[in-house]
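# Observations on the model geometry
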Amino acid sequence: MTYIAKPRVHHPSLRKNAVGLTRRDYEGSMSTLCAGCGHDSITAALIQAFWELDIAPHRVAKMSGIGCSSKTPAYFLREAHGFNGVHGRMPALASGAAAANGELTIIGVSGDGDSLSIGLGQLSHAIRRNLDMLYVLENNGVYGLTKGQFSASADPGSKSRRGEANTMAAIDSVLLALTLGATFVARSFSGDKEQLVPIIKAGIAHRGFAFIDVISPCVTFNDHEGSTKSYAYTREKLVEAVESDFVPLHREIAVHIDDGDVRSVRLFDGSTVKLRKVAADFDPTDREAAYAYVRARQKEGEIVTGLLHVSADADDMHTHAGTVARPLVDVPFDQLCPGAKALDELMAQFR
Amino acid sequence: MTSDDILIGMAGAGGDGVISAGDSLITAAALTGYHAILTKSFGPQIRGGESSFKLRVAKAEVFTVAGTLDVAVALNWDDFFRFGAELPVGPKTIVIYEADHPVGPEGPKFGGVRPAAMVPAPVAKIAKEVAGTEKAKNTVVLGLMAGWFGFIPDALLTGIRKKFSKKSEDVLAQNERAFLAGREYAEAHPLAEAQPLAPLGTDASPKILTDGNEMCGAAAIFAGCSFFGGYPITPSTEIMQYLGRELWKYGGVVFQAEDEIAGVGAVVGASFAGKKAMTATSGPGMSLKSEILGLATIAELPLVCVNVQRGGPSTGIPTKSEQSDVFQAAFSAHGDAVRPVLAPTTVADMFATTVEAFNIAEELQTPVIILSDGDIGQRKEVVDLIDTSRFTLIERRKPTSLELEHYQRFAMTESGVSPISEPGMPGGNYLASGIEHNEAGAPTASGAIHARMNEKRIKKLSPLKSRRDLFEVFGDPKAAIGVVSWGSVSGVAREGLRQAEQLGVSAKLLVPRLIYPIAQQVYDEFFASLRGGFVVEQSHQGQLYRVLRMYVDVPRSVESWARSGSNPFTPVEIAERLRDIAMAAQRNQSGNHEPAID
């Protein structure tokens, strides 16, 4: 991974958010991905979302594994803490960090190789324990770092740049997440920032595992004719199930969705996500209906996008594990270390 | 005549209550203040199969149950012989057997050994008569032990009352009657060969009854560990179970992960977030954890990883102890990674070793591996109370506010240890990563930086090699014959050394608790006076011996004495080999005086 620093000179007139930071303060180093990579657009959406939510960067932990997608945390929130771990094991690192400090905002960025092949088990169990984090899967159907092998999300019949067709069925991460009981499931497209930013904001506010699959074309290995993850194919086949907007608790923003068929879902922290049905036969709070809808459109060759499912009242990992309300990192050592007296009590049990 | 040291073995069918009898006996020993060790063994069934125990009770500290039984109890012969070599009967053994299962005309299958006594006892008959049920057979045996071997009747009776107080009064009364009937039977049928247990003086210190896995868990709590991540695997599971019961009381979290990899991954994540964290596993789980241990090494994150070794490779013999993961602990890392490896020597020492592992991990910002073994992990032992005043606890070095102004997570320092921040600390942000990085934490592919960082990560561990307190020498430091032994086998070696002294042989024993990196100087000094000896360990290849030869000039006369797991060493064997080496050294000495032929 190479790493190019950006000059940190800001124009004095740049707008600041509630914590006194400009949008540029939420940027990271210069991207070393290919020009036109979908991942860079997702990075831009993340920067926008964190800035608009007024989140202090040092309260954020950016977690990632290995792959082109996993390089991107270097390109946003330079003042956040980061952990670029090993391939497919980011959810475990995030679980431990969350258990030790439940007040962190944890964002994981992963790809289809990192999440659906080597890390499929870890992704599944992060969903199962409803780990409180935002999980962004940057999905391009191909391995970029190792130069163009099909990934597990490649559609059958989709062609590689060299012309060979993928023969195996794809693992659809959204259907997987719905089946495993994920409490927040969305799919978006890197080229649709207007849709992506509110979904990311809602995902950050969601208590529990917020899963966002973002179709993110690989301009180098998977943006040719015959690919089902190219810009052209995705733009053509995309159908929006819901339009969403996110309203943080502390700030009223103008909702540019007509209130006629808007459905509000109140999230744990008091903020609201507003969903307007685009498809008449779609209900984002009904898991089975969402699954059926995504499948039905898939048979027609269409990709459903939007916030597909949310259940705002599920228990998250902290409730399951019974972690203390106060982050462990803030508990003074002499409280965590019980000392000789507690040891005497422990010893008494052995007698 | 009385005995200061009795070794009892007992076997029976599932439902005979053999294990329960062993627990009662060791509890009575603990309550009274004797030292004791109990090991249990089971048939392959998850539940309900044959079972056996071996119990040693002594006035002084003991380290092993290996050796020939003083008392053997067979509730039926088939099950007794299923445990074969685990319950060795010798010429001095008193064999007590269920009278319902008489010895056939061909005699018992002791391979030609004639035990000191063969004593039939109508255990089932007594149980039925006084308690109305054969379920009380094990309690009758306790009565026999009290009657024939003076096995602390008061404490046994107290134990029986405590144990059955939760059940109905009838059951309690039945068991009291069964115990007394067994004792009366023994008194009415005196056993001339029996040497009863010598009573303790009034100065016996209070003891606790525990095992190595529980000691590990208790020590982790004491050391301030607040996160445990792991996956159940025999024989380490009890560490997670213990912490699952206890850790939440101190604000900590136990995370039962979906697999071994996620277990250690979460530990790395918790350590990244600023907390002391631990995982525990056994051989196959260690293999799975290898990649993430490499991550912890390069990200310089403290953690403790316990490997309670079992017979391997693969599933191997999960229920039997082995010392065959030295190579894995030292060398399974990819890249130029050095990780401290510690080994406990006894059940009580598991407490000290675990505290030490946390201290080293936090001070040097490294994963530390504890190589426990199935024997230390699972054997029940009566040990002295842990004196906590002798421990100091070390915390990781956090950045000062000055250092946070231009924070460099991997700053080059003289010691190689850099200040470590945690998420939530303003100004302390950095990228923890598995990719090579510069002092600020930024990814790099520079060869110069890679070399400097490797140097930093390895150099910071070198103070360990001068830690004399991580080594113990027993016996005469100037002796010409010496043994090196580690882990649970070192206990057998200590007793072997004692017995060798009784045979008139002066020898010494080096027990390392730091297994890796190798402290060359300590070994050089130990080997300097030697003219013969061996490195004794429970692995087929003699793994510690082989690693020593990589780093130390091991004298030719110091050999490897290695044996696969489930084939225990005994103190007698070690003493006899020491004697043989001493005799051979004498012969060679005279050989040196022969005139040259040409």
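Residues numbered from 1 in each chain as written. Chains lettered and ligands numbered in written order. Predicted model: local features only at pLDDT ≥ 70, side-chain atom pairs only at ≥ 80, totals over all residues. Heavy atoms only, no water.

### Remarks on the side chain of A:Asp316
Topologically, A:Asp316 is positioned in the loop between strand E11 (303-310) and helix H10 (317-321). Of the side chains with opposite charge, A:Arg207 lies nearest to the buried A:Asp316, which makes no salt bridge, at 4.4 Å. (Helix = DSSP H or I, 4+ residues; strand = E, 2+ residues; numbered from the N terminus. Buried < 20%, exposed > 50% of the residue type's maximum accessible area, 1.4 Å probe, protein only. Lys, Arg positive; Asp, Glu negative; His and termini not counted. Salt bridge = Lys/Arg side-chain N within 4 Å of Asp/Glu carboxyl O.)

### Observations regarding a nonpolar patch on the surface
All names here are of chain B. Taken together, the side chains of Phe331, Met550 and Tyr551 define a hydrophobic patch exposed on the protein surface, amounting to about 280 Å² of accessible area. The residue tyrosine 551 is located in helix H18 (residues 543-551) in this model. The class for tyrosine 551 is partly exposed, based on a relative accessible area of 32%. (Patch = residues over 30% accessible without salt bridge, like charges linked within 9 Å, V, L, I, M, F, W, Y side chains within 5 Å. Areas by Shrake-Rupley, 256 points an atom, 1.4 Å probe, with all protein chains shown as cover.)

### Side note on the nonpolar core
Core analysis: the biggest nonpolar cluster contains 188 residues, and A:Met63, A:Phe83, B:Met278 and B:Val306 have the highest contact counts within it. When residues in this core are grouped by element, the largest group, 10 residues, is from helix H12 (residues 347-364) of chain B. Here this core spans two domains, and each of domain 2 (209-390) and domain 3 (466-592) of chain B adds at least three residues to it. Core analysis: the second largest hydrophobic core is formed by 55 residues, B:Ala127, B:Val141, B:Leu157 and B:Phe164 among them. (Core = buried A, V, L, I, M, F, W, Y, C linked by side-chain atoms within 4.5 Å. Domains from an automatic or database assignment.)

### Considering the interface of chain B and chain A
At the junction of the two partners, chain B supplies 63 residues and chain A supplies 50 residues. Across the interface of chain B and chain A, roughly 4,500 Å² is buried in total on both sides, 69% from carbon and sulfur atoms. When the area that chain B buries against chain A is broken down by residue, the three leading residues are B:Tyr250, B:Glu258 and B:Lys275, summing to 13%. Our enumeration of links across chain B and chain A arrives at one salt bridge. Between A:Arg129 and B:Glu258 there is a salt bridge, and its shortest N-O distance comes to 2.4 Å. (Contact = heavy atoms within 4.5 Å. Buried area = accessible area lost by both parts, 1.4 Å probe.)

### Things to note about the packing of helix H4 (residues 137-149) of chain B against helix H5 (residues 153-164) of chain B
All names here are of chain B. Interhelical geometry of H4 versus H5 gives an angle of 165 degrees and a closest axis separation of 10 Å. The angle between the axes of H4 and H5 places the two elements in the roughly antiparallel class. H5 is crossed by H4, and the crossing has left-handed handedness. Across from Thr139, Leu142 and Ala146 in H4, the residues of H5 making contact are Pro153, Leu156 and Ile160. Its residues assigned to classes, the contact of H4 with H5 shows five nonpolar, one polar and no charged. (Axes fitted to C-alpha atoms, helices over the stretch in contact; angles between N-to-C directions. Parallel < 35°, antiparallel > 145°, perpendicular 65-115°, else oblique. Left-handed = near helix turned anticlockwise from the far one by under 90°. Nonpolar A, V, L, I, M, F, W, Y, C, P; charged D, E, K, R; others polar.)

### Looking at the packing of aromatic side chains
Per the stated rule, a full pass over the model turns up 27 aromatic pairs over all chains. Ring centres of B:Trp77 and B:Phe80 lie 6.0 Å apart, and the angle between their planes is 80 degrees; this geometry places the pair in the edge-to-face category. Within this pair, B:Trp77 and its partner B:Phe80 are both found in helix H2 (residues 77-82), separated by three residues, close to a single helical turn. On the numbers, 6.0 Å between centres and 90 degrees between planes, the contact of B:Phe471 with B:Tyr523 is edge-to-face. Of this pair, B:Phe471 sits in strand E16 (residues 471-475) while B:Tyr523 sits in helix H17 (residues 520-528), placing them 52 residues apart in sequence. Since its relative accessible area comes to 9%, B:Phe471 is described here as buried. Here the aromatic residues A:Phe83, B:Phe272, B:Tyr407, B:Phe410 and B:Tyr430 are joined through ring pairs into a cluster of three or more. Positioned over the ring face of B:Trp561 is B:Arg577, at 4.6 Å from the centre of the ring. (Phe/Tyr/Trp six-rings, centres within 6.5 Å; stacked < 30°, edge-to-face > 60°. Lys NZ or Arg CZ within 6 Å of the ring centre and 35° of its normal.)

### Observations regarding the domain arrangement of chain B
All names here are of chain B. Its domain assignment divides chain B into domain 1 (5-188), domain 2 (209-390) and domain 3 (466-592). Look at where the C-alpha atoms of domain 1 and domain 3 centre, and you get two points 36 Å apart. With seven residues of domain 1 in contact, the opposing surface of domain 3 contributes eight residues. For the pair domain 1 and domain 3, the summed buried surface comes to about 600 Å²; carbon and sulfur atoms form 57% of the total. Put simply, domain 1 and domain 3 have one salt bridge between them. Of the charged contacts, one joins glutamate 495 and arginine 56 as a salt bridge, the two residues approaching to 2.8 Å between their closest N and O atoms. Scanning the region where domain 1 abuts domain 3 turns up three residue pairs in polar contact (both at pLDDT 80 or more). (Polar contact = N/O pair within 3.5 Å; in protein donor to acceptor, adjacent residues only side chain to side chain.)

### Regarding the sheet that holds strand E13 (residues 367-373) of chain B
Residue and element names in this part refer to chain B. Pairing is mixed in the open sheet, where seven strands are placed in the order E9-E8-E10-E11-E13-E12-E19. The strands lining the two open edges of the sheet, one partner per strand, are strand E9 (253-256) and strand E19 (514-516). Of the pairings in the sheet, the one linking strand E10 (residues 277-281) to strand E11 (residues 303-309) comprises four bridges and is parallel in character. By the bridge assignment, alanine 280 is partnered in E11 with valine 306. (Pairing = 2+ DSSP bridges.)

### Examining the pairing of strand E5 (residues 184-189) of chain A
Residues and elements named next belong to chain A. Along E5, six of the six residues are buried, which leaves the element largely enclosed by surrounding structure. Alternating positions in E5 separate into two faces, Phe184, Ala186 and Ser188 on one and Val185, Arg187 and Phe189 on the other, with burial throughout. Both E5 and strand E6 (residues 209-215) contribute to a ladder of six bridges, which runs parallel. Residue phenylalanine 184 lies in a different strand from E6, and its bridge partner there is alanine 210. Note: E5 against E11, four bridges, orientation antiparallel.

### What to know about the side chain of B:Glu260
All names here are of chain B. In this fold, glutamate 260 is placed in helix H9 (residues 260-272). Polar contacts involving the side chain of glutamate 260 include one to the side chain of threonine 281, which spans 3.0 Å. Not counting chain neighbours up to four residues away, the residues in contact with glutamate 260 comprise Tyr231, Ile233, Ala280, Thr281, Gly285, Leu288 and Lys289.

### Observations concerning the pattern of salt bridges
All names here are of chain B. The final tally for this structure, using the stated rule, is 43 salt bridges over all chains. Taking the shortest distance from any N to any O, the salt bridge between lysine 40 and aspartate 23 comes out at 3.1 Å. Of this pair, lysine 40 sits in strand E2 (residues 35-42) while aspartate 23 is found in helix H1 (residues 18-32), placing the two residues 17 residues apart along the sequence. On the accessibility criterion, lysine 40 (33% relative accessible area) is partly exposed. Put simply, aspartate 79 and arginine 82 hold a salt bridge, and the shortest N to O gap is 2.5 Å. Of the two residues, aspartate 79 and arginine 82 are both situated in helix H2; the distance of three residues between them amounts to about one turn of the helix. What you see here is one network of salt bridges that share partners, running through Asp16, Lys128, Glu134 and Lys137.

### Some details on helix H6 (residues 169-188) of chain B
Side chains of residues three or four places apart in an α-helix project in the same direction, reflecting 3.6 residues per turn. Here H6(B) contains 20 residues, and its C-alpha end-to-end distance of 28 Å stays within 8% of the 28 Å for a straight helix at 1.5 Å per residue. Every buried residue belonging to H6(B) is among B:Leu172, B:Asn175, B:Ala178, B:Phe179, B:Ala181, B:Gly182, B:Tyr185 and B:Ala186, and all of these are buried. (Expected span 1.5 Å × (residues − 1).)

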